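A structural walkthrough
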Amino acid sequence: MRFRLLLSVSCLLALPAVAAPKNIIYMIGDGMGPAYLTAYRYYLNQGERPVQQTIFDQLLVGASSTYPDDDTLVTDSAAGATALATGVKSFNGAISVNRQHIPIGTMMQLAKRLGKANGIVASSQVNHATPAAFVAHNVHRRNYEAIADMYLDYRINGQPVADVILGGGTSYFIRDDRNLVAEFKQHGYQYADNWQDLKQLTTKPALALLDHIGLPAALNSEHPSQLATLTQKALELLSPAEKGFVLMVEGSQIDWCGHDNDIACAMAEMHDFAKAVAVAKAYVDANPDTLLVITADHETGGMSLGADGKYLWLPEVIRGVKATGRRIADEMNASDSEQAALARWQALTGINITDEEQKQLLAARGKEQKDLREVAVRLVAKYSYTGWTTGAHTAADVPVMAYGKYSGAFRGFMDNTDIAKQLIRYISTNQTPKTSE
């Protein structure tokens, strides 16, 4: 398997030489379909006309298809990330292996071989599907412990693949059978397990695992600008690299909110991701030899702005919601009376509901969190006129945004593999361009 993988990387190195940016920032909004960008634009708007563009609108250059190498047109995050990390399509569930289960070389591994610095940032656990596809190989995305092990055990030039790893996932790296954190430290990695100690990471290699699984949902978090903070830290750590760097940043939980059909949760995650994009854009402005590319692995939920046959979408309702459906359910279930539970609903949503809808909430109270959560998010969707077609993914094309050096290469319609192939071409050469874009 290792021999096959090396052959794959050598093929990438054989690509024709092209002028290349020194640094690449690759940002993936997991589940972020086109409607999410539109919803976020109106979510920020306070009734002004004309409606102002968001940072996503300003950087939008095209769109991408996302279908996997499978018996469906609807990809999961693993196959989607594999395409975005390797330029090769694979089956749903695959972590950078092909249909024959042979590992496919990733752009992060290529960058490491060529002496570039690299890093991954995620608001999920760092061994979740998308970041995993850039670093590891496995036949199934759910093999979390084996994937975490590979973060340390797969070596290039004697070192783990990723120089900087920031996100959640302590429970997968510190286990009864193995303490990967201790082993990373033995390889010279600085380590942080809380936001205060994150400031103490001053040089790569560095590892930060800031929660047991994923980070808190942005709407529930006590730490504003979570993803922006991690992106800024990663850029600080990677910037000194003489040969440049490749950084992947994932807004992981946009997708999780879409699976829950939780529009307030989704908009908070979009805002968190947008602030991280702003950090990356500012870096490009200060370091012109950098390319920023932003896309999604797929769309989640089949979101629509307008529902129930009405010509309405009411973002002001969404802006009034102060917690995710999961937290609303938890707090209502923890209330000591029905009256107190309904008071928590009112305090957390600001939505006045009918007597019948109050009965629906109370009927779900005391059962599984999922039961009450589903009623809560359905009511928020109803009063904001947000539509959802599924709790899974769809085959909708996704947006592509680009900024900085040679960003014009991403204009128009592309397949997700074409985005990766172009970035791999840039990584595979340090040739200095003779003319500007």
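Report on the accompanying structure. (Residues numbered from 1 in each chain as written. Predicted model: local features only at pLDDT ≥ 70, side-chain atom pairs only at ≥ 80, totals over all residues. Heavy atoms only, no water.)

**A short note on the state of the cysteines**
Among covalent bonds in proteins, the disulfide is the one between the sulfur atoms of two cysteines. Overall, the coordinates contain one disulfide when judged by the stated rule. Covalently, cysteine 257 is tied to cysteine 265 through a disulfide, its sulfur atoms 2.0 Å apart. One disulfide, between cysteine 257 and cysteine 265, carries an S-S torsion of -50° and so falls in the left-handed class. (Disulfide = S-S within 2.5 Å.)

**Some remarks on the packing of helix H4 (residues 77-86) against helix H19 (residues 416-427)**
Their axes nearest at 6 Å, the elements H4 and H19 cross at an angle of 30°. Classified by the angle their axes make, H4 and H19 are roughly parallel. On H19, the residues that touch Gly80, Ala83, Leu84, Ala85 and Thr86 of H4 are Asn416, Thr417, Ile419, Ala420 and Ile424. Looking at side-chain class alone, the contact of H4 with H19 contains six nonpolar, four polar and no charged residues. (Axes fitted to C-alpha atoms, helices over the stretch in contact; angles between N-to-C directions. Helix = DSSP H or I, 4+ residues; strand = E, 2+ residues; numbered from the N terminus. Parallel < 35°, antiparallel > 145°, perpendicular 65-115°, else oblique. Contact = heavy atoms within 4.5 Å. Nonpolar A, V, L, I, M, F, W, Y, C, P; charged D, E, K, R; others polar.)

**Brief notes about the nonpolar core**
Within the largest apolar cluster, 83 residues are counted, with the highest numbers of intra-cluster contacts made by Met27, Met32, Phe56, Met267 and Trp345. Here the element with the most residues in this core is helix H13 (residues 263-286); it accounts for 15 residues. Counting 55 residues, the second-largest nonpolar core is a separate cluster that includes Ile147, Tyr154, Ile156 and Met414. (Core = buried A, V, L, I, M, F, W, Y, C linked by side-chain atoms within 4.5 Å. Buried < 20%, exposed > 50% of the residue type's maximum accessible area, 1.4 Å probe, protein only.)

**Regarding the packing of helix H15 (residues 325-334) against helix H16 (residues 338-349)**
In contact at an axis separation of 8 Å, H15 and H16 are set at 150° when each is read in the N-to-C sense. One finds that H15 runs roughly antiparallel with respect to H16. Note that H15 runs across H16; the crossing there is right-handed. Contacts between H15 and H16 pair Ile328, Glu331 and Met332 from the former with Ala341, Leu342, Arg344, Trp345, Leu348 and Thr349 from the latter. (Left-handed = near helix turned anticlockwise from the far one by under 90°.)

**A closer look at the environment of isoleucine 351**
Looking at the secondary structure, you find isoleucine 351 in the loop between H16 and helix H17 (355-364). Along the sequence, isoleucine 351 and valine 161 sit 190 residues apart, while their C-alpha atoms lie 49 Å from each other. If near-sequence neighbours (up to four positions away) are discounted, isoleucine 351 is found in contact with Val317, Trp345, Gln346, Val380 and Tyr383.

**Points about the side chain of aspartate 415**
Tracing the sequence through the fold places aspartate 415 in strand S16 (residues 412-415). Not counting residues up to four positions away in its chain, the partners in contact with aspartate 415 are Ser64, Ser65, Tyr67 and Lys89.

**Remarks on the sheet that holds strand S2 (residues 60-65)**
Taking strand neighbours across the sheet as the criterion, the ten strands line up as S7-S8-S6-S3-S9-S1-S10-S15-S2-S16 in an open arrangement whose pairing is mixed. Taken across any chain shown, the strands that pair with only one partner, and hence form the sheet edges, are strand S7 (190-192) and S16. The mean angle between the axes of side-by-side strands here comes to 15°, regardless of whether they run parallel or antiparallel. With six bridges connecting them, strand S3 (residues 117-125) and strand S9 (residues 245-251) associate as parallel partners. What sits directly across from alanine 122, in S9, is glutamate 250. Relative to the sheet, helix H11 (residues 226-238) contacts strand S1 (23-29), S3, strand S6 (164-168), strand S8 (206-209) and S9, its axis offset from that of S3 by approximately 165°. (Pairing = 2+ DSSP bridges.)

**Comments concerning unusual backbone geometry**
Backbone torsion omega between arginine 49 and proline 50 reads 0°, so that peptide bond is classified as cis. Inspection of the secondary structure puts proline 50 in the loop between helix H2 (34-44) and helix H3 (55-59). The omega angle of the peptide bond from lysine 204 to proline 205 is 0°, so this bond is cis rather than trans. Secondary-structure assignment places proline 205 in the loop between helix H10 (195-198) and S8.

**Concerning the packing of aromatic side chains**
Applying the stated criterion to the full structure yields ten aromatic pairs. Judged by centre distance (6.0 Å) and plane angle (25°), the ring pair of phenylalanine 56 and phenylalanine 273 falls under stacked. Of this pair, phenylalanine 56 sits in helix H3 while phenylalanine 273 sits in helix H13, and the two are 217 residues apart along the sequence. For the residue pair phenylalanine 56 and phenylalanine 273, the accessibility class agrees, reading buried in each case. Ring geometry for phenylalanine 173 versus phenylalanine 184: centroids 6.4 Å apart, planes at 40°, classification tilted. Of this pair, phenylalanine 173 sits in helix H8 (residues 170-173) while phenylalanine 184 sits in helix H9 (residues 180-186), placing them eleven residues apart in sequence. By way of ring pairs, the aromatic residues Tyr40, Tyr43, Phe56 and Phe273 are connected into one cluster. The ring of tyrosine 42 has arginine 41 sitting right over it, with the charged end atom 5.6 Å from the ring centre. (Phe/Tyr/Trp six-rings, centres within 6.5 Å; stacked < 30°, edge-to-face > 60°. Lys NZ or Arg CZ within 6 Å of the ring centre and 35° of its normal.)

**Some details on H19**
Its twelve residues place the ends of H19 17 Å apart at the C-alpha level, agreeing with the 16 Å of an ideal helix rising 1.5 Å per residue. Taken across its twelve residues, H19 has nine buried, putting it largely inside the fold. Taken together, the buried positions of H19 are Asn416, Thr417, Ile419, Ala420, Gln422, Leu423, Ile424, Tyr426 and Ile427. (Expected span 1.5 Å × (residues − 1).)

**A word on the environment of serine 407**
Assignment of secondary structure puts serine 407 in the loop between strand S15 (398-404) and S16. With 346 residues separating them in the primary sequence, serine 407 and valine 61 have C-alpha atoms 8.7 Å apart. One polar contact links the side chain of serine 407 to the main-chain carbonyl oxygen of glycine 404, over a distance of 3.1 Å. (Polar contact = N/O pair within 3.5 Å; in protein donor to acceptor, adjacent residues only side chain to side chain.)

**Considerations on the pairing of S8**
By the alternation rule, side chains of S8 split into Ala206 and Ala208 and Leu207 and Leu209, which are all buried. Relative to S8, S6 runs parallel, the two sharing four bridges. Counted as the bridge partner of valine 164 is alanine 206 from S8. Here S7 pairs with S8 via three bridges, running parallel. Paired with alanine 192 across the two strands is alanine 208, which belongs to S8.

Take it as geometry only, folks, not as evidence of what the structure does.
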